[in-house]
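These are the residues of each chain, in order.
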Amino acid sequence: MLLIEKVIKLMDDFHFDIYREYVKNLSIRSYYPLALIDVIDRDFEQEQDSEKLFRAVYGDAPDGERDMKKFFQLAHHTFKLTSFLSRNYPDYLQHNLTRIQHLINSGELNKAIQLAEILKDVTEKVQDYYSEEKVCSLLAQKESRLESHKSAMKYYERIHELLGYQKAINDLNHFISQHLKVRGKEEAGKLEEHLSFLSAFHESESFIVRMISRLQTCYVYYNHRSPHFYTLEVFTELKEIEEELQKNDYVIFPFLHNIRPKLSFLKLNYSVRQLDIESVLDECSKIIEDSEDDLFWNSLINLPEFNAIGIQTSYYVTNYFNSYRENHMELMPEEVQVQIKFLRNRCQNILKNPLLKEKFVVRYINISSVYAGLLLLGDEESIKQSVDTLEQLLLFFQQVAFHSSIDSVYITLIMGYFCLKDYEGVERNYRRYKKSTKGKVVNPENDIPLHGFYYASKWLESGRSQYLKKLGRVVEETNNKSSQASTRKLLLDMVNYFKMEIPLEKEKK
């Protein structure tokens, strides 16, 4: 019996309908997985011949080994699509335990054993440790009742292994919660201790245990701010983990325990440090796309997606902001406009989640600021909406401490008012910014352009040369700094457009 046959026979109506609908939506690109699902008999007592299934799917007799090989590849691919159930309904096999119990209680022992053996085969393949442990316990008890003690011992030995895997997963989760949730001084000096703890799990027979421990090892380097994190060795390890997860995506991790977002987060941070913008944008898109298959984000806050949208927005604002030009929309590449529109829609959907505003106020402020940044790249009405969004934010959340986000709020406000030629608005928000950040550390990536647009607006408003000198000094701060190259270009584009004659020293070679 094919593995995909066994899985479908084990699904109840609820999970089968969800799985079929998921495959149906994918079948826009490929019809055959859905066709295979629909010709499999869901009665676990009925075993179907592979050649007959081939004919039912493809409509003609197989033509030798090559066609049957194609069919078996289809069967494996369709089985891998159960990854949607593994991620969102990881207990989709457990109801069979009750079915088996009911068959035994009804005097149908042979049927119960047949179903139990099918369940054991599938649970072992997808590493559903809880369900396999229960069915092994049931089979062991059955063997004991029939006085087949040697057979019973084999099941008990397997249960011992399964309980060991479950304990290892719990030990790893306990370690992560205790040591890796806070990135602070209290964990300083414990790098080797943490690496040693995790290394003990790297050779586990459990795929789940291996993947968690290997990924957390990479995260330990990041969490401890170790330079080793930014080496090719760590990035290669992240790529290998990603490939293993893709190859075994049907494996069942505990509910809410998707490790892909953390994997993408680490790859993203590596690419950002390498200034590999193409990889950064590609990784951001993968994070957002991947999160669409995780239904639990409908009830929780998708922080990986937040980070991905924020990084993309920062890139687009820094590299494509020229909304002060009359024809700025014509200058923006069409593919960039499409992506910006997509990101705006994502932000709008996120902001509709009432849980965000009620339970995660600072996150709500962050994503609102990001949304305003995307609006800043649109037409005049969008820019007005950007400004209004942030003004309302500052008004309604005056008592909330969100210093880490305050500079991004004010830089967007100042750039927005600058584009609207509302220089009084620029002045007002510049003073609010200085007051809010007095005596605090600010992010130069926002602080430098904020001052640049402020001095530019003062010159446009008054024509006084003193502001050109100050603007020149701001631009000079970006000189010969690779991390400030995009900020320098942003400011110089604005300077050149308004024909501002600012004093600049020649760049050092």
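Residues numbered from 1 in each chain as written. Predicted model: local features only at pLDDT ≥ 70, side-chain atom pairs only at ≥ 80, totals over all residues. Heavy atoms only, no water.

A. How the structure looks around the overall build of the protein chain. A tally of regular secondary structure across the protein chain gives 26 helices and zero strands. Projecting the C-alpha coordinates of the protein chain onto the three principal axes gives extents of approximately 100 × 55 × 45 Å. A total accessible area of about 26,400 Å² is found for the protein chain, and carbon and sulfur atoms account for 48% of it. Between the mean site of the 67 positive side-chain charges and the mean site of the 75 negative ones, the protein chain shows a separation of 7 Å. (Helix = DSSP H or I, 4+ residues; strand = E, 2+ residues; numbered from the N terminus. Areas by Shrake-Rupley, 256 points an atom, 1.4 Å probe, with all protein chains shown as cover. Lys, Arg positive; Asp, Glu negative; His and termini not counted. Charge placed at Lys NZ, Arg CZ, Asp CG, Glu CD.)

B. Region of the structure containing the nonpolar core. With 87 residues, the main nonpolar core has Ile4, Tyr19, Phe71 and Phe253 as its most contacted residues. The element best represented in this core is helix H12 (residues 207-223), accounting for eleven residues. The residues touching isoleucine 4, leaving out its near neighbours within four places in the chain, are Tyr19, Leu36, Ile40, Ala75, Thr78 and Phe79. (Core = buried A, V, L, I, M, F, W, Y, C linked by side-chain atoms within 4.5 Å. Buried < 20%, exposed > 50% of the residue type's maximum accessible area, 1.4 Å probe, protein only. Contact = heavy atoms within 4.5 Å.)

C. Representation of the side chain of arginine 344. Tracing the backbone shows arginine 344 in helix H18 (residues 334-351). The buried charged residue arginine 344 lacks any salt bridge partner; its closest oppositely charged side chain belongs to aspartate 379, at an N-O distance of 6.5 Å. Apart from the residues lying within four places of it in its own chain, the contact partners of arginine 344 are Tyr371, Leu374, Leu375, Leu377, Gly378 and Ser382. (Salt bridge = Lys/Arg side-chain N within 4 Å of Asp/Glu carboxyl O.)

D. How the structure looks around the confidence of the model for the protein chain. Residue-level pLDDT values for the protein chain average 89, and 93% of them are 70 or greater. Highest mean pLDDT in the protein chain belongs to helix H1 (residues 3-10) (97); lowest belongs to helix H15 (residues 277-291) (81). (pLDDT = per-residue confidence, 0-100.)

E. Seen up close, the state of the cysteines. Under the counting rule described, the total for this entry stands at zero disulfides. With no disulfide of its own, cysteine 347 lies 12 Å from the sulfur of cysteine 284, the closest cysteine sulfur. (Disulfide = S-S within 2.5 Å.)

F. Structural detail: the packing of aromatic side chains. Inspection of every chain in the model, using the stated rule, returns 34 aromatic pairs. Seen in terms of ring centroids, tyrosine 324 and phenylalanine 498 are 5.6 Å apart; in terms of plane orientation they differ by 45°. Their pairing is tilted. Taken together, the positions of tyrosine 324 in the loop between helix H16 (303-320) and helix H17 (328-331) and phenylalanine 498 in the segment after helix H26 (485-497) put the pair 174 residues apart, joining distant regions of the chain. The partly exposed category is assigned to phenylalanine 498, whose relative accessible area is 22%. The ring centre of tyrosine 58 lies 4.8 Å from the NZ or CZ of lysine 70, which sits over that ring. Geometry around tyrosine 219 places lysine 262 over its ring, the cationic atom sitting 4.1 Å from the centre. (Phe/Tyr/Trp six-rings, centres within 6.5 Å; stacked < 30°, edge-to-face > 60°. Lys NZ or Arg CZ within 6 Å of the ring centre and 35° of its normal.)

G. Looking closely at the environment of glutamate 242. Positionally, glutamate 242 belongs in helix H13 (residues 232-247). Between the C-alpha atom of glutamate 242 and that of isoleucine 259, which follows or precedes it by 17 residues, the distance is 9.9 Å. Dropping the residues within four chain positions of it, glutamate 242 is found in contact with Leu263, Lys267, Glu283 and Lys286. For glutamate 242, the side chain forms a polar contact with the side chain of lysine 267, separated by 2.9 Å. (Polar contact = N/O pair within 3.5 Å; in protein donor to acceptor, adjacent residues only side chain to side chain.)

H. Highlighting the packing of helix H25 (residues 465-476) against H26. Taken N-terminus to C-terminus, the directions of H25 and H26 make an angle of 150°; their axes are 10 Å apart at the nearest point. With respect to H26, the axis of H25 lies roughly antiparallel. Between H25 and H26 lies a crossing whose hand is left-handed. For the pair H25 and H26, the contacting residues are Leu471, Val474, Val475 and Glu476 in the first and Arg488, Leu491, Leu492 and Val495 in the second. A per-class count over the contact of H25 with H26 returns six nonpolar, no polar and two charged. (Axes fitted to C-alpha atoms, helices over the stretch in contact; angles between N-to-C directions. Parallel < 35°, antiparallel > 145°, perpendicular 65-115°, else oblique. Left-handed = near helix turned anticlockwise from the far one by under 90°. Nonpolar A, V, L, I, M, F, W, Y, C, P; charged D, E, K, R; others polar.)

I. Just the side chain of glutamate 132, in detail. Within the element layout of this structure, glutamate 132 appears in helix H9 (residues 129-145). The contacts of glutamate 132, once residues within four sequence positions are left out, are Lys120, Thr123, Glu124, Arg158 and Leu162.

J. Quick peek at H25. The end-to-end C-alpha separation of H25 is 17 Å, in line with the 16 Å expected for twelve residues at 1.5 Å each. For H25, the set of buried residues is Tyr467, Leu468, Leu471, Gly472, Val474, Val475 and Glu476. Along its buried surface, H25 packs onto helix H24 (444-462) and H26. (Expected span 1.5 Å × (residues − 1).)

K. Molecular detail of the pattern of salt bridges. By the definition in use, this model includes 32 salt bridges. Across the pair lysine 239 and glutamate 242 runs a salt bridge, and its minimum N-O distance is 3.9 Å. Here lysine 239 and its partner glutamate 242 are both found in helix H13, three residues apart, which amounts to about one turn of the helix. On the basis of relative accessibility, which here comes to 10%, the residue glutamate 242 falls in the buried class.

L. Quick look at the environment of lysine 6. The residue lysine 6 is located in helix H1 in this model. Separated by 109 residues in the primary sequence, lysine 6 and leucine 115 place their C-alpha atoms 9.4 Å from one another. Other than its neighbours up to four places away in sequence, lysine 6 contacts Met1, Ile118, Asp121 and Val122.

M. The arrangement of unusual backbone geometry in detail. Even without being glycine, glutamate 147 reaches a positive phi, approximately 65°. Within the element layout of this structure, glutamate 147 appears in the loop between H9 and helix H10 (149-179). Owing to a relative accessible area of 65%, glutamate 147 belongs among the exposed residues under this scheme.

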